[in-house]
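Notes for the structure review
Listed below are the residues making up each chain.
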Amino acid sequence: MTRATSSAPSQRMLRVGEQVRAAITQVLQRGEVRDDVIEATVISISEVRMSPDLKIATAYVTPLGVSDHSVVIEALNRHAKYIRGRLGQQLRQMKYMPEVRFRDDTSFDNYKKIDELLRSPEVSRDLDGDNDEQ
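Residues numbered from 1 in each chain as written. Predicted model: local features only at pLDDT ≥ 70, side-chain atom pairs only at ≥ 80, totals over all residues. Heavy atoms only, no water.

- Taking an unreviewed UniProt entry as the reference, the protein is identified by name as Ribosome-binding factor A belonging to Rhizobium leguminosarum.
- Its UniProt record, at the heading Subcellular location (unreviewed entry), says of the protein: "Cytoplasm".
- Checking UniProt for the protein, the heading Function (unreviewed entry) contains the comment "One of several proteins that assist in the late maturation steps of the functional core of the 30S ribosomal subunit. Associates with free 30S ribosomal subunits (but not with 30S subunits that are part of 70S ribosomes or polysomes). Required for efficient processing of 16S rRNA. May interact with the 5'-terminal helix region of 16S rRNA." (UniProt positions renumbered as here; feature names shortened; annotations may be inferred.)

Below, the structure written as structure tokens:
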């Protein structure tokens, strides 16, 4: 079997990551994690990236309506072993249950910065200049 040379995730990693994301979402939606911080916060899980051996799942989360994300991320990481145990019911087909790690998803901040740049007067002026030449 040939080994892929690119660093892009395989189809299997993407598929398993999506299954783990759905399972974590269900655990959080059902309120199975007893923590005041987690119960009081709406948490969006945008992506789960799996390690190549499928033993580590890194979940990128965004706590909505909370200014300090680190408190929620710490609470999720404190309960990571419990959440991992709850995933077993939904991911029975997996040989090994992945270790779950939670990280803050900063992609929304990056999208906001790009949007602000595109709406800036300098970019608008440059785009208007391109339309005049055509």
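**Focus: the side chain of Glu32**
- By the secondary structure assignment, Glu32 is in the loop between α1 (11-29) and α2 (36-39).
- On the basis of relative accessible area, Glu32 is assigned to the buried category, the value being 14%.
- Looking at Glu32, its side chain comes within polar contact range of the side chain of Arg86, at 2.6 Å.
- Apart from the residues within four sequence positions on either side, Glu32 is in contact with Val27, Tyr82 and Arg86. (Helix = DSSP H or I, 4+ residues; strand = E, 2+ residues; numbered from the N terminus. Buried < 20%, exposed > 50% of the residue type's maximum accessible area, 1.4 Å probe, protein only. Polar contact = N/O pair within 3.5 Å; in protein donor to acceptor, adjacent residues only side chain to side chain. Contact = heavy atoms within 4.5 Å.)

**Considering the environment of Ser46**
- Looking at the element boundaries, Ser46 is found in strand β1 (residues 42-50).
- The exposure class of Ser46 is partly exposed, given its relative accessible area of 34%.
- Aside from chain neighbours lying at most four places away, what touches Ser46 is Arg21, Tyr60 and Asp105.

**Some words on helix α3 (residues 69-78)**
- By the burial criterion, the buried members of α3 are His69, Val72, Ile73, Ala75 and Leu76. On an axial view of α3, the arc spanned by its buried residues comes to 160°, and they lie on one face. (Arc of directions from axis to C-beta.)

**Side note on unusual backbone geometry**
- Positive phi values are uncommon outside glycine, yet Leu54 reaches one of about 60°.
- In this structure Leu54 comes out as buried when scored by relative accessible area, which is 9%.

**Focus: the pairing of β1**
- One ladder, built from eight bridges, connects β1 with strand β2 (residues 56-64); its direction is antiparallel. Bridging from a neighbouring strand, Ile45 pairs with Val61 of β2.
- Hairpin connection between β1 and β2: a loop of five residues separates the two successive antiparallel strands, and Leu54 in this loop has a positive phi of roughly 60°. (Pairing = 2+ DSSP bridges.)

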